[in-house]
Amino acid sequence: MGEVDVGLEALFLLESPEEEISQVVRVLPPSPPQVPPRRASRIQRRRTHKSNSIRKKREDEDSSCDCSHISPTPQHVIHMDTEQQQLADVYYSAFHLHPPCEKLVQEGSTGGAVAEDVENCTSPIVTREELRKELREIFEVDDETMTIIENEVKMREPPHTTLHVKVHEAKDLKPKTPKETSHPYCVVRVTGSEDTQRTAVFPSTLNPAWETEFQFWIPCLQDAKLVVEIWHEPQEAGVEQLMGMRDLRELGRLVRDAASNLQTRETRNLLGCVTIPLTDVKDQSVEGWYNLVKGKEEGPNQLSHKENLKRCKKRGSVHISLRLSTDSQLNLFGPHWYNGFLNKMVEHHLKYISSFSHRRGGSRRSDRSILSLRSNFHCARSCGISITRSNSTRTCRSYSGSPTSSGSSYENEVTWNLITPWNGRVNEACSTLLDYYSTTLGLSPVAVTLAWWNVASKFSVVDQVFLGELLKTMQTYLSDKKYSDQEIEEIQSSLRLWITGEINRLRSLTTHFPAASSKIVSYAQIKGMLKNFLELEANQHTHSLKIFPKDASVTELVAEGLMDFSKNWWEATLKSRCRDYHAATFDQQLDMAVGVAGEICSFLSEVSNFYHDVFFREARVSYLRLAYTLLTLELAAYVRPLLHKIYDAPTGKRKCSHTPVPYYEESDKYALEAGSPVWHLYKKLEFIHKIGENLPVEVQLESAIRGYHQWFLGGVTRWQNRLLTRTKDLLAKEIVSLWEKLSWPDYENFVGKQLLQELCGLGTLYTKLIITKMEARAREESTPESTLLPAHSCTGLNNIEFVRHEVGKLPKLCGLADEYDDDQFSVPAKALSKMEGSIMCFLDSAIRKMMPSLLSAVERSCETGNEAPLLQDALDQGLCVLRDSLNENTFQHFLLKIWNTIITIFGSIVERSSTKRKAEFFKNVYRVLERTWYFFTPADSRGLDPHLAHTAEYQALQKTLCNLKMPTESLIAKYYKERYEELQRSYHACNAELVVRVFFLVTGKLIVEVIMARNIVRSSVKLDTFVQVKLVPSDWFPNATSHKTKIQRKCDSPVFEEKFELPVSPDESSVRNGHILFLLKTRQFFQSSEGFAETVLPLDDIPSVDTHTADSVKNKILIMNLPKNGDDYTAIKALKFRTWDKRAISFLQVCKL
C-alpha cells in the first residue's frame, strides 16, 4: 500500500489518547518512519547554533508576542506522547516562521523593502495568538498543555530557510552604447531581506554569461519574492572613443553615457527586471528563461515561450535556477506526518462547518464562524492551482461549489450535516499552519498535492469538482515524471481505494445522492464523480496504473454498481412489503402486489426524472434501461403467477343472507372495475409500461410486462359477466314483468318501435363515447410514425363495427323487418348512417395526423425515384398491422381514404413542380405512382378493389404525368398527332383541300409530290399562294430541309405539280413517329408570308414501294385548316409548363399557341 499505510499508522497514533509510553522531546525517536528516498537528502535533522546576534534578535521578537507569561527556557524535562510531539512540531513551524503582526507594522512604518512587502500583501493578517488557538482546537488540548508545548518550542533552534540562486546568462538585451552594445551586470535581492548581491560586469555584449551563484537567508517565506535586476554600467569617455566617432548620433550617445556616470544607478540604465514569488518554489528546483519587464515591476513573470520571446525581443530574457532548502529541528519527520495533521485539521474543519449549519437559523454568527468563512483555498495555492485575489478574500477560479448539501457520510461513521459539499476551503489560520509545516518538513507542491488527495479522497462530503482539480494536478506531475516509484505506488493504491469507495456509494445511490431533498447537489456530485472517472480512464499515465477493478471500463463499473443497487433495493422492498407472503390469502397477496407495484412506480419515476439523465449524459449508461429491465422482470415473475392463480382458482361459495342479493350487486375484488385492487394493480402496470415507452423499441419488445393486458382477461370477463347479469335481470324483471302485468294490446307494435328506437339510440351513444375516448387518448399519447392507428383505436373501431352490425339485426329481432326493409329514413337506417359517419370522421382525423409523414415520404420517393420511403417505411408495416387488427369493412374504408390522400399529395407535388422540374423528375413520380397502384391493389385481393382505386383524380394525374415525363420533341410529335386526329373528324371546319402523293422508296428516300390545292375559302381579294413542306419535329430530321413550291398568282385552285425528295429512310426508329407538315401560305408585296391553312400526315401511314411501282401510288386528299386554342391540346398544355425549355418556348411562339 506504500505511504498510505504509513500515513494511516501516523493518524492512528495521533488519535490514541491512551498511550502510556512517553518520550523526552529533546531526544529523537529511536526508529523514525521511512521517508521517500528522493527527499531523504533534503531533510536534515541536525541542530545548529545560531550566533548571539541572531539569538538576541529572536528573543526580542518573542518578547513582542503575547506570551510573556511563559518561561522561555524551562529547566525540567517535558514528557509528551506522539500526538503532542506533532502538535509541538506544527507550532514550532508557525512560531519561528510567522513574524508578529506588530513587528510587520512597525517595520512598515520605517520604510524599506519590508514596508513595500507589507503594502503589497493582500493576505488577511493572522496573529500568533490565532494560530495558537487554532492548534489548541484542532488537537483538543487545554491551555495548560499548550503552554507547556509552547515553552518546549521556544527551546529549539529556529528553522533555517536558504534560497540558492544561480544566474546563468541573458540574451537579446537592450543596447545602451553607441556601438549598439551594453555593459550588463545583475543585481539579486529578496524582499524582506537587506542582503543584496551582484554579478560582475560583462562589457560590450548583449548576451552575457555570468554563471554566478548566490545564497540568501529567508526570514519569512510568506509573501517573499526574488527580484533580479539587470543594469547597464556606463563607461568613461576617453580620447580614443572621441576619435572613433563617425557621426553626431554616436557622439550624442557618448555624451549621455558619460553624463550618466554622475549617477550610476539612474533608472534609465535599468535594462529590465524579473520578480518570482518564492511560495511557488518551495523545495523543488526551478530552472528556466524569464522575460524581462520594464521598470521595477514586481509582478510574477511567466516562463518564456517562443511566442513570448518574439514579443519581448527589445528587453530580452534571463536564465535563472532556484532551489529552497530548510534545516529544522522536528520530532517527527516524513510526509506521512503532514498527511496525519492535514487529516486531523480537515476533520476538525468539517465538524465545525456541520455544527455551524445547525445554527444558521439561530442567533447571529460568532467571531469564530466569521474566521472560518473567510476562506483562502489553501490547497489550490499549495498545489499550483490558479488563484485570484480581491481585497482580503481569495477565490479560486477552479472551484464552484454547489448551493445545497449532498447528505453524504464519512467512512468512520461520522455524519456531516453540511449545507454544501466541502470544496477545499479552510480558514486563514489553517492555511498558514499548513504552509509553515510543509516548509519545515521540506515538502514540495508535488508532495503537498499528493497529501491533499490522500486525505480529501477519504471524505464523501468533498466536492467532486475539487477532487477533479487535484486529479488533474497529479496527472500533470505524473506526465512530468516528478513522482518517485514509491509515490506512484501510493497514488495507485489511493486511486483504487477511492474508485472502490465511489462505486460502493453508487450501490447505496439514494442514501449518498438523494433526489428528493438535495437534487441539485446530488446531480453535481454524480456529474463530477463520473467526469473524474472518465478523466482517469482517458489519461494514459493514470490508466497505465490499472486502477480500475478487473480492468473494466468506467461504463461497465458504473452499470455494475447501479445494477447492484437496483437488486438490493428490490430485495429490501420485498422484505418490507411481502412478509409471510406464502402464508397469506389471495386478498392479502393482491394487496402486497399493489404495494410493490406502487414502490416500483415511484422508483422508476425517480430514475426517469433525475438519475437517468446524469448517468446517460456523462457516462453513456442508460440507468432507466437497466432498472426497467430488472424490475419489470422481477415484477412479472411476482404478479403474473398470482393473477393466474386468482382467475383459475375455483370460485368459493358465496355467503347467503336472509334476503338473497343478486350476484352483480356483490363487491368483487377480482373484477377489473374502477376502485378494485385488481384495477389499482392494472393502472400501476400501465404507468410502468408508459415509462418504458421512452426506451428503445428493442427494450420494449423484450420487456417482461409487454402484453400485461392479457394477464387481466379474467378480470375483464368477470366484469362483463356482472354487467351482462345486471342487464338480463333488468330486462327480465323490469320490462317483461311489468309489461305482462299491464296486458296492453300492442296492435301497431307501438311498444316494439319505441324499444327499437331506444336501442338504436344506445348504439349511436356508444359510438360517440368510444370515439371521444379514442380522440382523447390520441391527443395525450404520441405514437411512432410507422403506426398508422394505435392498438386501442383498432379495438374501439372493431367494437363500433360490431355494435353497428348488431343494431342492423334489431328490426328482425323486434319483428319489424318487413316494415323497415326499404325505408332509408327509418330509425335503424339513420342510426347505422350516424355510426358509419362517426367512423369516417375519426378516420379522417387519423389521416390528417398522418399527413405530414405521408407528405415527407412521398417527396423523398419522388426525388429519388425509389418507392421504398413511401411503401416500405411509411405504409407497409402499419397496413400489415391494420389488416390483422381491423375488420374487413373498416379496413377497406381506411385503405381507400389513404389512397385518395396519397393521390392528392401526388397531385400537389406535380402542380407545384410542373414549371420548375424537368422530365426526369416526372419520370420518377410516374414510376412511384405506378408502384403505389400495385401496392394498394395486390393480386391476392387483400387490398383495394381496382375499380374503386381507379378514380377520376387518379386517371387525370396519370395523363398529366404521361405528358410531363416526355421529352420536348416527343410532346411536339404528340401535338401533331392530336392535330391529325382532329383533321380526320368530318365535322371539323375546312379551309382548303390539298392533293398530294407521298411514298417511300426502298432506296432510302421520301418522295413528296404536291399536285394542287382546291376548295380554298374565297376572300374578297385573290391571293398569291404556295405550299411549304417540312418534316416535324425538326430535331428528329436534322438532314431534311424545308421545301417550297413556286408561287401561283391569283388563282382559286392553284396547280403546283412539283416533286420533292427528302433523305429519309423508313427503317429509322424515329421516322415512323414523325409527321409531314403542309403549310398553305399567301405572298403579298411589302408583307411577310402568312399561313392560313395547314395539314399533317403521319409518316407511318406512307407506303414504301420500288421505283418501278411508284406510279401505282394513289393521290391523297388532305383537309387543311388552322389549329384551335392551345389549351385544347394536352401536349400544348405540357409544353406551356416548360418555361425553362427554350425549345418549347420557341415552338409555342412560332405556332402562335
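These numbers come from a predicted model, not from an experiment.

1. With respect to the overall build of the protein
- Scanning the protein for helices and strands turns up 38 helices and 21 strands.
- For the protein, the residues scored as buried account for 47% of the 1153 residues in total.
- Entry remark: accessible area of the protein is about 59,300 Å², with carbon and sulfur atoms responsible for 52%.

2. Things to note about the packing of helix H33 (residues 919-936) against helix H35 (residues 952-964)
- Viewed as axis vectors pointing N to C, H33 and H35 meet at an angle of 145°, and their least axial separation amounts to 9 Å. Read as a crossing pair, H33 and H35 show a hand that is left-handed. Contacts between H33 and H35 involve Ala919, Phe922, Val925, Tyr926, Leu929 and Trp933 from the former and Tyr954, Leu957, Gln958, Leu961, Cys962 and Leu964 from the latter.
- Here the contact of H33 with H35 is built from residues that sort into 11 nonpolar, one polar and no charged.

3. Quick look at the sheet that holds strand E9 (residues 286-291)
- Across the sheet, four strands lie side by side as E6-E3-E10-E9; this open sheet has antiparallel pairing. This sheet does not close on itself; its edge strands, each paired only once, are strand E6 (209-217) and E9. The sheet shows a mean angle of 20° between the axes of neighbouring strands, direction not considered.
- In this sheet, E6 lies alongside strand E3 (residues 160-171) in antiparallel orientation, the contact comprising seven bridges. Residue pairing in the sheet places Val167 in a bridge with Thr212 of E6.

4. Comments concerning the nonpolar core
- The biggest cluster of nonpolar side chains holds 131 residues, and the ones touching the most others in it are Tyr338, Trp452, Leu509, Phe615, Tyr623 and Phe712.
- Ranked by residue count, the leading element in this core is helix H22 (residues 586-619), at 16 residues.
- Those residues in contact with Tyr623 that lie beyond four places of it in its chain are Leu509, Leu562, Phe565, Ser566, Phe603, Val607, Tyr611, His612 and Phe615.
- One finds Ile847, Leu895, Phe921 and Leu1079 within the second-largest nonpolar core, a separate group that totals 77 residues.

5. Looking at unusual backbone geometry
- The omega angle of the peptide bond from Val1032 to Pro1033 is -5°, so this bond is cis rather than trans.
- Following the sequence through the fold, Pro1033 ends up in the loop between strand E15 (1024-1032) and strand E16 (1043-1044).
- Phi is positive for Lys546, which is not a glycine, with a value near 55°.
- Within the secondary structure, Lys546 sits in the loop between helix H20 (540-543) and helix H21 (554-577).

6. Observations regarding H35
- Between its first and last C-alpha, H35 extends 18 Å over 13 residues, near the 18 Å set by a 1.5 Å rise per residue.
- The elements touched by buried residues of H35 are helix H32 (888-913), H33, helix H34 (946-949), helix H36 (968-984) and helix H37 (1130-1137).

7. Quick look at the sheet that holds strand E18 (residues 1075-1083)
- One open sheet holds the four strands; their spatial order is E16-E15-E18-E19, and the pairing between them is antiparallel. In this open sheet, the two edge strands, each paired with only one partner strand, are E16 and strand E19 (1090-1098).
- As judged from the nine bridges shared by E15 and E18, these two strands associate in the antiparallel manner. Across the sheet, the residue bridging to Gln1028 is Leu1079, located in E18.

8. Considerations on the pattern of salt bridges
- Applying the stated criterion across every chain, the model contains 28 salt bridges.
- Between Arg912 and Glu859 there is a salt bridge; the shortest N-O distance is 2.7 Å. Here Glu859 lies in helix H30 (residues 827-864) and Arg912 lies in helix H32, a separation of 53 residues in the sequence.
- Residue Glu859 is classed as partly exposed on the basis of its relative accessible area of 32%.

9. Some thoughts on helix H7 (residues 143-153)
- Counting buried positions along H7 gives eight out of 11 residues, so the element sits mostly inside the fold.
- If you check which residues of H7 are buried, you get Thr145, Met146, Thr147, Ile149, Glu150, Asn151, Glu152 and Val153.
- Residues of H7 that are buried sit in contact with strand E2 (79-80), helix H3 (82-97) and helix H6 (128-139).

10. Some words on the confidence of the model for the protein
- Summing up the model confidence of the protein, the mean pLDDT is 76 and the portion of residues at 70 or higher is 73%.
- Predicted confidence for residues 297-313 stays below pLDDT 50, and this span has 36 contacts to residues more than four positions away or in other chains.
- For residues 651-664, every residue scores under 50 in pLDDT, and the model assigns this stretch 12 contacts once sequence neighbours within four places are set aside.

11. Description of the packing of aromatic side chains
- Tallying each qualifying case throughout the model produces 28 aromatic pairs.
- Look at Trp452 and Phe466: their rings are 6.1 Å apart centre to centre, the planes differ by 85°, and that puts the pair in the edge-to-face class. Highlighted residues: Trp452 in helix H15 (residues 445-456) and Phe466 in helix H16 (residues 464-479), separated in sequence by 14 residues. With respect to class, Trp452 is no different from Phe466; both count as buried.
- Every member of this aromatic cluster is reached through a ring pair, and the members are Trp899, Trp933, Phe935, Phe936 and Tyr954.

What counts, and at which threshold
- Residues numbered from 1 in each chain as written.
- Predicted model: local features only at pLDDT ≥ 70, side-chain atom pairs only at ≥ 80, totals over all residues.
- Heavy atoms only, no water.
- Helix = DSSP H or I, 4+ residues; strand = E, 2+ residues; numbered from the N terminus.
- Buried < 20%, exposed > 50% of the residue type's maximum accessible area, 1.4 Å probe, protein only.
- Areas by Shrake-Rupley, 256 points an atom, 1.4 Å probe, with all protein chains shown as cover.
- Axes fitted to C-alpha atoms, helices over the stretch in contact; angles between N-to-C directions.
- Left-handed = near helix turned anticlockwise from the far one by under 90°.
- Contact = heavy atoms within 4.5 Å.
- Nonpolar A, V, L, I, M, F, W, Y, C, P; charged D, E, K, R; others polar.
- Pairing = 2+ DSSP bridges.
- Core = buried A, V, L, I, M, F, W, Y, C linked by side-chain atoms within 4.5 Å.
- Expected span 1.5 Å × (residues − 1).
- Salt bridge = Lys/Arg side-chain N within 4 Å of Asp/Glu carboxyl O.
- pLDDT = per-residue confidence, 0-100.
- Phe/Tyr/Trp six-rings, centres within 6.5 Å; stacked < 30°, edge-to-face > 60°.

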